Amino acid sequence: MRVDISHSGTILIGRSISADGPSERKIQFVSHAHTDHIGGLKKKAIQKQTVVCTAPTLELATELLHHQPPDAAILEYRKPREFEGESVELYPANHILGSAQLLVESKEGTLAYTGDFKQPGTAIVSSDSLVIEATYGAPIYQRQAGDGEVAFIETVEKCLREGPLAVYAYAAKVQEALQILSNIVEAEFFLDQSCLKIAKIYAKHGVKLPKYSCLSDQEIMTLQKGDRAVMFRAFGRQRERLRHQRIILSGWAPEVVSKIDGGFMVRLSDHADFNQLINYVEEARPRQVYTDASRSSYAGVLAKAIEARLRLPAKALPAR
Ligand SMILES: [Zn+2]
């Protein structure tokens, strides 16, 4: 099956499907609602196309973009549907709420696209050709399971000894962070308005979060040094100057914890590390692999490693 990836990150599959970026094609699949995957849903980009995704992805993307795509086909996992003569089926990916992998089947064969994922919890999809993410596609990225979670809890505890704390994180990461702290860190949790809207979508889809409440910017000023309060704030607000300590949550910082002005940066990754990427390909055993170079500088390294270790043809797209 034909496949290509544009420099702007759109994955072109078969005859009429595109994924995770703007295109003129009739069917637009969106793997999940992170900003580098929803560019195709922006008002100008989306015209007469059908958007294919899960229900949570549509709701999260609508909240982030402040508009809804005019034509959306909501798919459940493992329930294939035909579009323009090609069968489309979604499989779960452990990344953020609603994340999905795509399997396309036509007369030309089968192709799977992983989107972003981490392990454990992501289904292995077998196909003739595989397009795989490559965020941590270099061997330097080998992590201990749970290292980010432990570092996050320890850093929060360390900061709370000094007083209230602000945590800056991207929309979906706030919920993941709340779940990690739940039942371990004793504190009051406060969400700003934008985090609150996303939390409501998570709750609607059955994700259990610890008790939290909302705090206005004026109320934040009343927090005292002895208060064990963790305030979750939108990532975009990290330049604000509160007098409290802060943690910035990153998905891909090179160090698990690093010191920054006024606090710490903690890596809480949503991506498979190098070994998990290789393991995915080994288990899926496709005939041809493509690594996504539009979102990672390590796609070429990963493709070479797949060829050397697994003896499978692999190529980074777009070619440089
Ligand atoms: Zn993502």
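Owing to the predicted nature of the structure, the values given are computational and were not obtained by experimental measurement.

Looking only at helices and strands, the protein has 7 helices and 20 strands in total. Expected size for 320 residues packed as a compact globule is a radius of gyration near 20 Å; at 20 Å, the protein falls within 12% of this value. Long-range pairs, those at least 24 residues apart, make up 59% of the contacts in the protein between residues at least 6 apart in sequence.

When the domains of the protein are assigned, the result is domain 1 (3–140 + 272–317) and domain 2 (147–267). Summarising the inter-unit geometry, the C-alpha centres of domain 1 and domain 2 are found 30 Å apart. Counting residues at the interface gives 8 residues for domain 1 and 9 residues for domain 2. Here the residues of the side of domain 1 that touches domain 2 are counted per class, giving 5 nonpolar, 1 polar and 2 charged.

Every other side chain in a regular strand lies on the same face of the sheet, so the side chains alternate between the two faces. Bridge count between strand S9 (residues 100–106) and strand S10 (residues 109–113): 5 bridges; the pairing is antiparallel. Across the sheet, serine 106 pairs through a bridge with glycine 109, a residue of S10. A loop of 2 residues connects S9 with S10, the two strands running antiparallel in sequence. Where S10 meets strand S11 (residues 129–132), 3 bridges bridge the pair, whose relative direction is parallel. Bridge pairing in S11 links alanine 112 to leucine 130.

Quick look at the nonpolar core now. Leu102, Val167, Ala177, Ile198, Phe232 and Leu277 are the most contacted members of the largest nonpolar core, which totals 88 residues. Of all the elements, helix H3 (residues 171–181) adds the most residues to this core, at 6 residues. When we break this core down by domain, the ones giving at least three residues each are domain 1 (3–140 + 272–317) and domain 2 (147–267). When residues no more than four places from it in sequence are discounted, the contact partners of leucine 277 are Ile132, Ala134, Tyr136, Gly137, Ala272 and Leu302.

Taken in spatial order, the 7 strands of this open sheet run S7-S8-S9-S10-S11-S19-S20, and their pairing is mixed. Only two strands of the sheet have a single neighbouring strand rather than two, namely strand S7 (81–83) and strand S20 (314–317). Adjacent strand axes in the sheet meet at a mean angle of 25 degrees when their direction is disregarded. The strands that helix H6 (residues 274–284) touches are S11 and strand S19 (288–292); relative to S11, the one it contacts most, it runs at about 165 degrees. Running at roughly 170 degrees to S20, helix H7 (residues 299–310) makes contact with S19 and S20 of the sheet.

The 7 strands are arranged S14-S13-S15-S12-S16-S18-S17 in an open sheet whose pairing can be described as mixed. The open sheet terminates on both sides in strands that have one partner only, identified here as strand S14 (213–214) and strand S17 (257–260). For strand S12 (residues 165–169) and strand S15 (residues 229–234), the ladder comprises 5 bridges, and the chain directions are parallel. Considered in S15, the bridge of alanine 169 is made with alanine 234. Contacting S12, S15, strand S16 (245–250), S17 and strand S18 (263–267), helix H2 (residues 147–160) crosses the sheet at an angle of about 165 degrees to S18.

Cut-offs used in this document
- Residues numbered from 1 in each chain as written.
- Predicted model: local features only at pLDDT ≥ 70, side-chain atom pairs only at ≥ 80, totals over all residues.
- Helix = DSSP H or I, 4+ residues; strand = E, 2+ residues; numbered from the N terminus.
- Rg over C-alpha atoms; globule rule 2.2 N^0.38 Å.
- Contact = placed C-beta atoms within 7 Å.
- Domains from an automatic or database assignment.
- Nonpolar A, V, L, I, M, F, W, Y, C, P; charged D, E, K, R; others polar.
- Pairing = 2+ DSSP bridges.
- Core = buried A, V, L, I, M, F, W, Y, C linked by C-beta atoms within 7 Å.
- Buried ≥ 20, exposed ≤ 12 C-beta atoms within 10 Å, placed from the backbone.
- Axes fitted to C-alpha atoms, helices over the stretch in contact; angles between N-to-C directions.

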